[in-house]
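# Results of the structural survey
Here's the letter readout for the chains.
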Amino acid sequence: MDLDLIRTLAVIVDSGGFTEAAGKLHRTQSAVSMQVKRLEDSLGVTLLLRNRSRVVLTPEGETVLDYGRRMLALNEEVRNMLNAPRVEGNVRLGIPDDYAFYLPDILSRFAEMYPGVTLDVRCELSVDLVREVRKGNIDLAVVTRQPKSPGGHVLRSEQLTWAAAQQTGAEYQAVLPLALFPEGYCVFRELTLEALRSAGCTWRIAYTSRSLEGLLSAVSAGLAVTVVTRSMLRQGLREIEPEGPAELPPLPQVEIALHRAPGRPSEPTQKLTDLILDRLSQGQ
């Protein structure tokens, strides 16, 4: 479709009529009417119903205008991108492998928008990443907020939940077997054990690993249960209902925060910051 004709249709609807649209487009009313007719002829449908007081979109007109507005917005986005000064440089991003599922959409979008920027990604535990970003060894870190390392910009809250493998029943053992990160490395562990102690449950640490994949290997084998956020549940895992038949205690929420290295950020760092805030902030 001709974007100029789509733009004319949008102006007519937004301004309330052909006369008003002609003034805004700096064209005669007959020229505006001709453009609408050309668009209708090209699509083979009637887009506008005209009467003395106003114009009304037909159902087909509403559909065309909805898609047309998106086409106009994309057209403007491409123009702005091509005309904007080229952003170049390097950004060092840290993120735990727990949250790596957030990355594909963000990184592919960032690469499309800023092809001149090189992106280095490090997957480590949250406590290590906070330490590295504070030293300036990485530019940005998306981490689980830790009790001993507050700060950063909170992106969202996530509900912790008990998880086990499908077709297993490790949660029904008399002494609950747990697969957790090592002590001092993850707030998930601290909150899990605190909830169990408060509920008077008995447990044992059956498996420890510094990586989520290591923990999930034990869970998948039916050797233990673990604790993840609901968004981390993946194929092969099932959520154990708190206070259900297994009588596991409810778990709290955790906060995911964005930390930035001290000092003024580079332009590429600021661009990635803006994209992360847009894509990961609560409710997005």
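The text that follows walks through the structure, step by step, so that each part is easy to find. (Residues numbered from 1 in each chain as written. Predicted model: local features only at pLDDT ≥ 70, side-chain atom pairs only at ≥ 80, totals over all residues. Heavy atoms only, no water.)

### Considerations on the overall build of the protein chain
For the protein chain, the helix and strand inventory stands at nine helices and 11 strands. C-alpha extents for the protein chain along the principal axes are approximately 80 × 45 × 30 Å. The proportion of buried residues among the 284 residues of the protein chain is 42%. Pairs at least 24 residues apart make up 73% of the contacts formed inside the protein chain by residues separated by at least 6 positions. Per element, the accessible surface of the protein chain, about 15100 Å² overall, is 50% carbon and sulfur. Separation of charge centres in the protein chain, based on 32 positive and 35 negative side chains, amounts to 4 Å. (Helix = DSSP H or I, 4+ residues; strand = E, 2+ residues; numbered from the N terminus. Buried < 20%, exposed > 50% of the residue type's maximum accessible area, 1.4 Å probe, protein only. Contact = heavy atoms within 4.5 Å. Areas by Shrake-Rupley, 256 points an atom, 1.4 Å probe, with all protein chains shown as cover. Lys, Arg positive; Asp, Glu negative; His and termini not counted. Charge placed at Lys NZ, Arg CZ, Asp CG, Glu CD.)

### Considerations on the packing of aromatic side chains
All told, the structure shown has two aromatic pairs when counted by the stated rule. Arranged with centres 5.9 Å apart and planes meeting at 40°, the rings of Y99 and Y102 form a pair that is tilted. Y102 carries the same exposure label as Y99, and that label is buried. Each ring, one from F110 and one from Y114, has its centre 5.2 Å from the other, and the planes form 50°; the classification is tilted. Residue F110 is classed as buried on the basis of its relative accessible area of 2%. Its guanidinium or amino end placed over the ring of Y67, R70 lies 4.6 Å from that ring's centre, counting from NZ or CZ. (Phe/Tyr/Trp six-rings, centres within 6.5 Å; stacked < 30°, edge-to-face > 60°. Lys NZ or Arg CZ within 6 Å of the ring centre and 35° of its normal.)

### Details of helix α7 (residues 187–199)
Along its 13 residues, α7 runs 18 Å from first to last C-alpha, staying within 8% of the 18 Å computed at 1.5 Å per residue. Of the residues making up α7, those classed as buried are V187, F188, R189, T192, L193, A195 and L196. For α7, the elements touching its buried residues are β5 (140–144), β6 (153–165), β7 (176–180), β8 (203–208), β9 (226–229) and β11 (253–260). (Expected span 1.5 Å × (residues − 1).)

### Thoughts on the pairing of β11
Examined bridge by bridge, β5 and β11 share five bridges and lie antiparallel to one another. By the bridge assignment for β11, V143 is matched with A257. With six bridges connecting them, β6 and β11 associate as antiparallel partners. Bridging across to β11, R156 finds its partner in I256. (Pairing = 2+ DSSP bridges.)

### Some details on the environment of L140
Looking at where L140 falls in the secondary structure, it is placed in strand β5. Considering only alpha carbons, one finds L140 and A261, 121 residues apart in sequence, at a separation of 6.4 Å. With near-sequence residues (within four places) excluded, L140 lies in contact with V91, R92, L93, G94, V133, L258, H259, R260, T269, L272, T273 and I276.

### So, the side chain of T161
With respect to the secondary-structure elements, T161 resides in strand β6. In this structure the side chain of T161 is engaged in a polar contact, spanning 2.8 Å, whose partner is the side chain of E239. Dropping the residues within four chain positions of it, T161 is found in contact with T226, V227, V228, T229, R230, L233, E239, I240 and L251. (Polar contact = N/O pair within 3.5 Å; in protein donor to acceptor, adjacent residues only side chain to side chain.)

### So, the nonpolar core
One finds V142, W162, L178, F188, V225, L272 and I276 to be the most contacted residues of the largest nonpolar core, which totals 54 residues. Excluding its chain neighbours within four sequence positions, the residues that come into contact with F188 are D98, Y99, T144, L160, V227, V228, T229, M232 and V254. (Core = buried A, V, L, I, M, F, W, Y, C linked by side-chain atoms within 4.5 Å.)

### Focus: the packing of helix α2 (residues 18–25) against helix α3 (residues 29–43)
Think of two packed helices as two axes; the pair is described by the angle between the axes and how far apart they sit. One way to put it is that α2 packs onto α3 with a least axis distance of 8 Å and a crossing angle of 105°. When the axes of α2 and α3 are compared, the pair comes out roughly perpendicular. Here α2 contributes F18, T19, A22 and L25 to the contact with α3, which in turn contributes Q29, V32, S33 and V36. (Axes fitted to C-alpha atoms, helices over the stretch in contact; angles between N-to-C directions. Parallel < 35°, antiparallel > 145°, perpendicular 65-115°, else oblique.)

### Details of helix α4 (residues 59–83)
Given a rise of 1.5 Å per residue, 25 residues ought to cover 36 Å, and the 36 Å separating the end C-alpha atoms of α4 matches this to within 8%. Among the residues of α4, those classed as buried are G61, V64, L65, G68 and L72. Next to the buried residues of α4 lie α1 (3–15), α3 and β2 (55–57).

### Overview of the packing of α1 against α4
Between α1 and α4, whose axes approach to 10 Å, the crossing angle comes to 115°. Every pair of crossing elements has a handedness; the one defined by α1 and α4 is left-handed. Of the residues in α4, those touching α1 at L3, I6, R7, L9, A10, V13 and D14 are V64, L65, G68, R69, M71, L72 and N75. (Left-handed = near helix turned anticlockwise from the far one by under 90°.)

### Describing the pairing of β5
For β5, the buried fraction is high: five of the five residues fall into the buried class. Both faces of β5 are covered, namely the face carrying L140, V142 and T144 and the face carrying A141 and V143. Judged from the two bridges that link them, strand β3 (residues 89–94) and β5 form a sheet pairing that is parallel. Considered in β5, the bridge of L93 is made with L140.

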